[in-house]
Amino acid sequence: MLQRINLALAFFLLTLAFGSQPLASAQESTKRDSQAKTLETGTFHGKVHQTSGRATVYQEADGKLVLRLTNFKTSNGPDVHVILIAAKDADDDANFLKTDTGRLELGKLKGNEGDQNYEIPTGTDLSKYQTVSIYCERFNANFGAAPLEKF
Amino acid sequence: MNGTLTSWVLGKKWILVGIGVPVLVVAWWAFRPEKLWVNVKVNEPAPFSSSADLQPVYTGLLAGRAHPTSGRASVYQTADGKRHLRLTDFTTSNGPDVHVVLAQSSDDSLRQDFVKSQLGDLELGLLKANQGDQNYDLPDSADLSRYDTVVIYCERFHAIFGVAKLDKF
């Protein structure tokens, strides 16, 4: 009897912990504008959590900045975000970001595979934030980094 | 006697379960190991019209070899399928008989500054200028999955001025 109650309690706790998380899906409508300019681009590297693909920063006609990931692939994980970091690159072997590295949150990673867009806040200084990082906040782990170079 | 022993073990078991279950739950929450097998795929369209007449399909950065060389090499494709190579922010040193060629990144000749035997290459043309943005037509037959490296190549001295490995855009 006690065992049953305990099992039920465990399941209840698990449901509470995970059940509330919405399924990740990205059905965003995107603005279509042929005047978009390609500002910067770079490719991802990451060994501990295999990360590959391309990161490109576009500027739309109205001045808005968009980060687009293409041919993208990384490992799935808990609490993974897309951030810009104020560094020229992030080391593969270090894999953890230094605490004093400047960070700019772009949003939760929409999917660990596939093409996806993220808005960059207007007024962001791209000469300061030079690298895109796929960043696991829970463990301060850098899954992969793409240093951006002028296109 | 037997009864008390059984109940003691039972009591201890519940303590173990009481500690073990929360530990497992916390570990699961932290590491989410099931995500190792679960992929989340997305496929968003580009934030601009994909019917734009000019699309970059490959790009790479030039790195200097025998002579300092820098800039970006990109392959663009027009709506009708024509491709051309474009060099931007480009600068290299001037020299005699300098060509823009495509080579295969697997070619061992590319490891050195000077090619000893023969560079298995695909000629794109004489370098138009040693500085500035410039375009070169790509032959329709050029297979960029094999010829994936742009080489600024001085044919007279078999010197590799600079190379750019092209990656899918």
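Residues numbered from 1 in each chain as written. Chains lettered and ligands numbered in written order. Predicted model: local features only at pLDDT ≥ 70, side-chain atom pairs only at ≥ 80, totals over all residues.

(A) View of the domain arrangement of chain B. Under the domain assignment used here, chain B contains domain 1 (2–36) and domain 2 (54–168). For domain 1 of chain B versus domain 2 of chain B, the separation of C-alpha centres amounts to 63 Å. (Domains from an automatic or database assignment.)

(B) Quick look at the sheet that holds strand S7 (residues 131–136) of chain A. Residues and elements named next belong to chain A. Reading across the sheet, the four strands line up as S5-S4-S7-S8 and stay open at both edges, with antiparallel pairing between neighbours. Strand pairing shows two members of the sheet lacking a second neighbour, strand S5 (103–108) and strand S8 (141–147), which therefore form its edges. With direction set aside, neighbouring strand axes in the sheet form an average angle of 25 degrees. (Pairing = 2+ DSSP bridges. Helix = DSSP H or I, 4+ residues; strand = E, 2+ residues; numbered from the N terminus. Axes fitted to C-alpha atoms, helices over the stretch in contact; angles between N-to-C directions.)

(C) Layout of the environment of A:Thr74. Residue and element names in this part refer to chain A. Assignment of secondary structure puts Thr74 in the loop between strand S3 (65–73) and strand S4 (80–85). What makes Thr74 buried here is the crowd of 23 C-beta atoms within 10 Å. Among residues more than four places away in sequence, those in contact with Thr74 are Gly46, His49, Thr51, Asn112, Ile134, Phe143 and Gly144. (Buried ≥ 20, exposed ≤ 12 C-beta atoms within 10 Å, placed from the backbone. Contact = placed C-beta atoms within 7 Å.)

(D) Structural detail: the confidence of the model for chain A. Per-residue pLDDT for chain A averages 82, and the proportion of residues at 70 or more is 75%. Under a pLDDT of 50 for its full length, residues 19–33 of chain A has, in the predicted model, 21 contacts with residues more than four places off or in other chains. (pLDDT = per-residue confidence, 0-100.)

(E) Spotlight on the environment of B:Pro96. Residue and element names in this part refer to chain B. Mapped onto the elements, Pro96 comes out in the loop between strand S5 (83–91) and strand S6 (98–103). Residue Pro96 is classed as exposed on the basis of its C-beta count, with 8 C-beta atoms lying within 10 Å. It is 7.0 Å that separates the C-alpha atoms of Pro96 and Arg156, two residues lying 60 residues apart in sequence.

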